[in-house]
Amino acid sequence: MKHHHPHHDGLDHGPKGRERGPRGGKVFAPGDLKLLLLSLIAEQPCHGYDLIRRIEGLFDDTYSPSPGVIYPTLTFLEESDLIVSAADGNKKLYSVTDAGQASLGEQAVALDGIRTRIDVSKRALRGPDRPPAIHEAVNNLRHALHVHHGRWTEEEITRVRDLLNQTAHAIVGSSTSQE
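Note that the structure is a prediction, hence the values are computed from the model and not measured.

About the thresholds
Residues numbered from 1 in each chain as written. Predicted model: local features only at pLDDT ≥ 70, side-chain atom pairs only at ≥ 80, totals over all residues. Heavy atoms only, no water. Helix = DSSP H or I, 4+ residues; strand = E, 2+ residues; numbered from the N terminus. Contact = heavy atoms within 4.5 Å. Areas by Shrake-Rupley, 256 points an atom, 1.4 Å probe, with all protein chains shown as cover. Phe/Tyr/Trp six-rings, centres within 6.5 Å; stacked < 30°, edge-to-face > 60°. Buried < 20%, exposed > 50% of the residue type's maximum accessible area, 1.4 Å probe, protein only. Arc of directions from axis to C-beta.

Undergrad: Which parts of the structure should I look at to understand the overall build of the chain?
TA: Counting its regular elements, the chain contains seven helices and two strands. Counting from the amino terminus, the chain carries its helices and strands in the arrangement α-α-α-β-β-α-α-α-α. Counted over contacts in the chain with a minimum sequence separation of 6, partners at least 24 positions apart contribute 57%. Surface accessibility of the chain: about 11,600 Å² in total, with carbon and sulfur atoms responsible for 57%.

This is the structure we're talking about:
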């Protein structure tokens, strides 16, 4: 008898198993990875290693899911009869079942949402595309704020806040006026 775990999404939600990007944000919401893997397998039968590489490709190599997250999710999908595996040498080749295909059809909107979140995450993980001179100036600003630590009077807070806000508005204002 197969065991179904309705609340198990293949992700280890304990502190050690969380899949996080370099800035600490969680890359996949619960359930996202299940649906993404199912859709990738439906596109083309593949091995677990191939799936890791294909997810890396979706993120332009800015993120790599760990085998410790991928393989339990594949096991869950298999136990749920959404995919089947066949021995392929010493590896398992995963392919989608009719039930898996039907599940994908029902969750097309959710899958679109996942693809959109991947695009947003990819840009965030890649980091800002700042010229080195701007990056240096931002670091100088951080340093100035750090050095200023401990001498914050009400007047000084207002002065620095206004300076920073004026600068932010000036940066945004100049970038929109050129379009």
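Read on for the rest.
Undergrad: How should the packing of aromatic side chains be read in this particular structure?
TA: For any pair of aromatic rings, the description consists of the separation of the ring centres together with the inter-plane angle of the planes. Applying the stated criterion across every chain, the model contains three aromatic pairs. Pairing Phe28 with Phe59 gives two aromatic rings, centres 5.9 Å apart and planes at 90 degrees, and the pair type is edge-to-face. You can see Phe28 sitting in the segment before α1 (32-43) and its partner Phe59 sitting in the loop between α2 (48-58) and α3 (67-79), a full 31 residues away along the chain. Per residue, the accessibility class of Phe28 equals that of Phe59, and both read buried. Members of the aromatic cluster, joined through ring pairs, are Phe28, Phe59 and Tyr63.

Undergrad: Help me out: how do you make sense of α2 in this one?
TA: Each α-helix turn comprises 3.6 residues. Residues three or four places apart therefore point the same way. If you check which residues of α2 are buried, you get Gly48, Leu51, Ile52, Ile55 and Glu56. Angularly, the buried residues of α2 cover 140 degrees about the axis, an arc narrow enough to put them on a single face. Note on α2: the residue one or two positions beyond its end, Asp60, has a positive phi of about 50 degrees.

Undergrad: Is there a simple way to think about the side chain of Ser39 in this case?
TA: Structurally, Ser39 is set in helix α1. Filtering out sequence-adjacent residues up to four positions away, Ser39 remains in contact with Leu104, Leu111 and Arg115.

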